[in-house]
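Examination of the molecular architecture
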Amino acid sequence: MTSTSFGSPPARTILVIEDEAAIADAIAARLRSEGYAVEIAADGPAGVSRCTEIQPDAVVLDLMLPGLDGLEVCERIQANRAVPVLMLTARREESDRIKGLTIGADDYLTKPFSPPELVLRVAAILRRAKAGQQEAADVKQLGPLRIDTTAHRVTVDGREIDLTPTEFKLLLTLAERRGRVQA
Ligand code: CA
């Protein structure tokens, strides 16, 4: 818990999966000083189970880990739920870095990195994840047709259309079967 914030939302939890204690501690200290709640797991399997237990808002994940490597961990934690992942790599792991991004890491940072840089990256993946979830959950876009399922608002080319609740429901059903919609 932090006492540094005034009127801000509850601290978001970051899970740091890193086997080098000095690096893990440095990352944790920095993130805590920025108001995050931080948990550390020191190997791959511990990271996966900790992630299930605490449901963190984001994960900082080292690529080279004992037990399961970072790519494997990334796949497993993404299988359960979408959680933003910042992958940590060493310079020699360049090609793995790219691979990591393609299997679900949201961003990567090459060691050695500066703590302020890490904090910026974590904030960025949290922001993007939030925006992405919001968009996916709330809005369906089909060509000029845009259906906001939360606000129950439908627009075509930006112009709002009035629909009864029944019409709205019908349109939504049709939109979910994309191919049949005549926009
Ligand atoms: Ca490592």
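What you see is a predicted model; the values in this text were computed from it and never measured.

**So, helix α2 (residues 44-54)**
Burial in α2 covers these residues: G44, G47, V48 and C51. The buried side chains of α2 occupy one side of the element, clustering within an arc of 100° when seen end-on. Packed against the buried residues of α2 are β1 (13-17), β2 (37-41), β3 (58-62) and α3 (70-80). Its side-chain oxygen placed 2.8 Å from the backbone nitrogen of A46, D43 serves as the N-cap of α2. In the stretch just after α2, Q55 is the one whose phi turns positive, near 45°.

**Some remarks on the sheet that holds strand β8 (residues 153-156)**
In spatial order, the strands read β6-β7-β8-β9; together these four strands make up an open sheet with antiparallel pairing. With partners counted over all chains shown, the strands left at the sheet margins are β6 (139-142) and β9 (159-161), one partner each. Each strand axis lies, on average, 25° off the axis of its neighbour in the sheet, ignoring direction. Helix α5 (residues 115-138) rests against β6 and β7 (145-148) of the sheet, and its axis sits at about 70° to β6. Helix α6 (residues 165-176) contacts β6, β7 and β8 of the sheet and is inclined by roughly 115° relative to β7.

**Structural notes on the confidence of the model for the protein chain**
For the protein chain, per-residue confidence averages 85 on the pLDDT scale, and residues scoring 70 or more make up 85% of the total. A low-confidence stretch, residues 1-5 (pLDDT under 50), is modelled with one contact involving residues beyond four sequence positions or located in other chains.

**Structural notes on the packing of helix α1 (residues 21-33) against α5**
For the pair α1 and α5, interaxial distance at closest approach is 10 Å and the crossing angle is 65°. The handedness of the crossing between α1 and α5 comes out as right-handed. For the pair α1 and α5, the contacting residues are I27, R30 and L31 in the first and P115, P116, L118, V119 and V122 in the second. When its residues are assigned to classes, the contact of α1 with α5 shows seven nonpolar, no polar and one charged.

**Structural notes on unusual backbone geometry**
Trans is the common state for peptide bonds, and a negative phi is the common state for residues other than glycine. Cis geometry marks the peptide bond from K111 to P112; its omega dihedral reads -5°. Of note, P112 is situated in the loop between β5 (107-111) and α5. Phi angles above zero are rare outside glycine, and H152 is one such case at about 55°. Checked against the element boundaries, H152 lands in the loop between β7 and β8. Of note in the backbone geometry, D157 takes a positive phi value of approximately 50° without being a glycine. Structurally, D157 can be placed in the loop between β8 and β9.

**A look at the pattern of salt bridges**
Taken as a whole, this structure holds 10 salt bridges when the rule is applied. Across the salt bridge formed by R76 and E72, the nearest N and O atoms sit 3.4 Å from each other. Highlighted residues: R76 and E72, both in helix α3, separated by four residues, approximately one helical turn. One salt bridge connects R121 with E117, and the closest N-O pair in it is separated by 2.8 Å. Taken as a pair, R121 and E117 lie in helix α5 at a separation of four residues, close to a single helical turn.

About the criteria used
- Residues numbered from 1 in each chain as written.
- Predicted model: local features only at pLDDT ≥ 70, side-chain atom pairs only at ≥ 80, totals over all residues.
- Heavy atoms only, no water.
- Buried < 20%, exposed > 50% of the residue type's maximum accessible area, 1.4 Å probe, protein only.
- Helix = DSSP H or I, 4+ residues; strand = E, 2+ residues; numbered from the N terminus.
- Arc of directions from axis to C-beta.
- Contact = heavy atoms within 4.5 Å.
- Polar contact = N/O pair within 3.5 Å; in protein donor to acceptor, adjacent residues only side chain to side chain.
- Pairing = 2+ DSSP bridges.
- Axes fitted to C-alpha atoms, helices over the stretch in contact; angles between N-to-C directions.
- pLDDT = per-residue confidence, 0-100.
- Left-handed = near helix turned anticlockwise from the far one by under 90°.
- Nonpolar A, V, L, I, M, F, W, Y, C, P; charged D, E, K, R; others polar.
- Salt bridge = Lys/Arg side-chain N within 4 Å of Asp/Glu carboxyl O.

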